[in-house]
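# Examination of the molecular architecture
This is what each chain is made of:
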Amino acid sequence: MAALERDGELVLERGEGAHVWDENGDRYLDATAALWFCNVGYGRREIAHAAAAQMSRLPAYSTFGDLANRPALELAELVASLAPVPDSKVFLTSGGSDSIDTAMKMARRYWQLVGRQQRTVLVRRQHAYHGMHAAGTSLSGIPANAAGHGELIADVIEVPWDDPEALGAAVDAAGPDRVAAFFCEPVIGAGGVYPPPDGYLEAVRATCRETGVLFVADEVITGFGRCGDWFASGRWDLRPDIVTCAKGITSGYLPMGAVIAAPWVAEPFWAEGAGMWRHGYTYSGHATVAAVALANIAIMQRERLCVRALALESELADALAAIERHPLVSEVRSGVGVLAAVQIDPELLGKDTTLPARVVASARAHGVLVRALATGALQISPTLVIDAVGIEELVEGIAAALEDCSVGRG
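Residues numbered from 1 in each chain as written. Predicted model: local features only at pLDDT ≥ 70, side-chain atom pairs only at ≥ 80, totals over all residues. Heavy atoms only, no water.

### Section: the sheet that holds strand 15 (residues 377-380)
Counted only if it meets this: Strand pairing is assigned whenever DSSP identifies at least 2 bridges connecting the two strands. Strands here are runs of E lasting at least two residues and helices are runs of H or I lasting at least four, both read from the DSSP assignment and numbered beginning at the N terminus. Every residue pair with non-hydrogen atoms within 4.5 Å of one another is taken to be in contact. Axis lines are fitted through C-alpha atoms, for helices just across the contact stretch, and the angle between N-to-C directions can take any value from 0 to 180 degrees.
Taken together, four strands build an open sheet; the order of strands is 11-12-15-14 and the sheet is antiparallel. Each having just a single partner strand, strand 11 (329-333) and strand 14 (371-372) make up the two edges of the open sheet. Two strands pair when backbone bridges link them, and strand 12 (residues 340-344) and strand 15 are joined in this way by four bridges, in the antiparallel orientation. Looking at the pairing, Val342 lines up with Leu378 of strand 15. Across the sheet, helix 13 (residues 305-320) is in contact with strand 11, strand 12 and strand 15; its angle to strand 12 comes to roughly 20°.

This is the structure:
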């Protein structure tokens, strides 16, 4: 906050495709799709028209109890049809953090409904980011995100991000009859962009099946095309018990998220005598936002952006390879989806903690918007409509920024 007070703000005014402009008319290549979300790119007028048309009829109404609206029903059916497990149920939320809170409560409530009330323990991974609500903060494997708040949600344990055997050991130590759910990003995002080691996801999924632990795939970032499929869970055939999503469901044009429950998880909630699940949000199933999501997904289907993401996966990794040789960079993590991290050398970070912020500022001066993650890495997650010229612009801007900061160090 002090830095903002001192340095001021960058006020953005408009966007088109993979670029945004500030109030001074300066153009920037958006290297992060804002906060991982603008999958279809900026300036999609048909999405704006869908919002305006729905607002003129019914902008929103509560979906509590037996109340519904047609866009929300159509969206729930569409998301269920795209889900990694057929015949899933969809619970609409206002965003990713809502979705994580919902998934946590859903997992614990599921075990209550099936008579296993003692299953309350939640397992998170090192480096994990699961949003900023109470559940997400408690499930954070980024120490700085959880610090300063005290214990918000009890019964949370952590395992290494890359060791599948550690999950089984942790479940055994806690007691298999006490662990409710394992929260897993198929590709760790805000914690540093860590693609899964070979065989990791399949191994932890098998552990959850063997122990009865619910496998919650956090696809807030990886869902809706970013990993070359509608959901990364489909790419690895994970058949998760619960999926959380947001961001790409609307490409950020309006806020929305969703929780997808596999049929075997949903069944106890729908059983006669289960009673009301006392959970929901004011804007769950918001009619205008649902109309926007439908328009956004229609664009993705028409333009085959999931297929485009698979091509971008290798194009982006190849383009970033040259940056990996820069003396300020220890590695580039890429190769799974339209996701990458340019890691500033941890040894240099130990000597100069301001280095990532200075690289970000220099990249901005070279016309590229990027941000630093918790590990001191630069987040790379452009829109799924970026072309070869845009990728070249992205890489050249970051390379120039690294060089500026390298010269400054000398």
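Following the structure, the description resumes.
### A look at the sheet that holds strand 2 (residues 19-22)
Through backbone hydrogen bonds, the strands of a sheet pair up, either in parallel or in antiparallel fashion. Spatial strand order, 1-2-3-13: four strands in an open sheet with mixed pairing. Both edges of this open sheet fall to strand 1 (12-16) and strand 13 (368-369), since each of them pairs with a single strand only. Relative to strand 13, strand 3 (residues 27-30) is paired through two bridges, and the arrangement is parallel. Residue pairing in the sheet places Asp30 in a bridge with Leu369 of strand 13.

### A short note on helix 12 (residues 287-302)
It helps to recall that an α-helix has 3.6 residues per turn; residues three or four apart then point in one direction. What counts, and what does not: A helix's residues, less one, multiplied by 1.5 Å, set its expected span. Here the term buried applies to any residue with accessible area under 20% of the maximum for its type, exposed to any over 50%, and partly exposed to those in between, with areas from a 1.4 Å probe on protein chains only.
With 16 residues, helix 12 should reach 22 Å at 1.5 Å per residue; the first-to-last C-alpha distance of 23 Å fits that figure. The buried fraction of helix 12 amounts to twelve of the 16 residues, a majority that puts the element mostly inside the structure. Inspection of helix 12 places Ala287, Thr288, Val289, Ala290, Ala291, Val292, Ala293, Ala295, Asn296, Ile297, Ile299 and Met300 among the buried residues, and these make up the whole buried set. Each element contacted by the buried residues of helix 12 is listed here: helix 3 (45-57), helix 4 (70-82) and helix 13. Of the residues flanking the end of helix 12, it is Arg304, one or two places downstream, whose phi is positive at about 55°.

### What about the pattern of salt bridges?
Oppositely charged side chains are able to pair whenever their charged atoms sit close together. Which entries qualify depends on this criterion: For salt bridges, the criterion is a side-chain nitrogen of Lys or Arg within 4 Å of an Asp or Glu carboxyl oxygen.
Under the defined criterion, the tally for this structure stands at 13 salt bridges. Of the charged contacts in the structure, one is a salt bridge between Arg302 and Glu46, with a shortest N-O distance of 3.0 Å. Taken together, the residues Arg302 in helix 12 and Glu46 in helix 3 connect sequence positions 256 residues apart. Across the salt bridge formed by Asp155 and Arg178, the nearest N and O atoms sit 3.7 Å from each other. Residue Asp155 is located in the loop between helix 7 (143-146) and strand 6 (156-159), and its partner Arg178 is located in the loop between helix 8 (164-174) and strand 7 (179-184); the two are separated by 23 residues in the primary sequence. Relative accessible area serves as the criterion here: at 32%, Arg178 is assigned to the partly exposed category.

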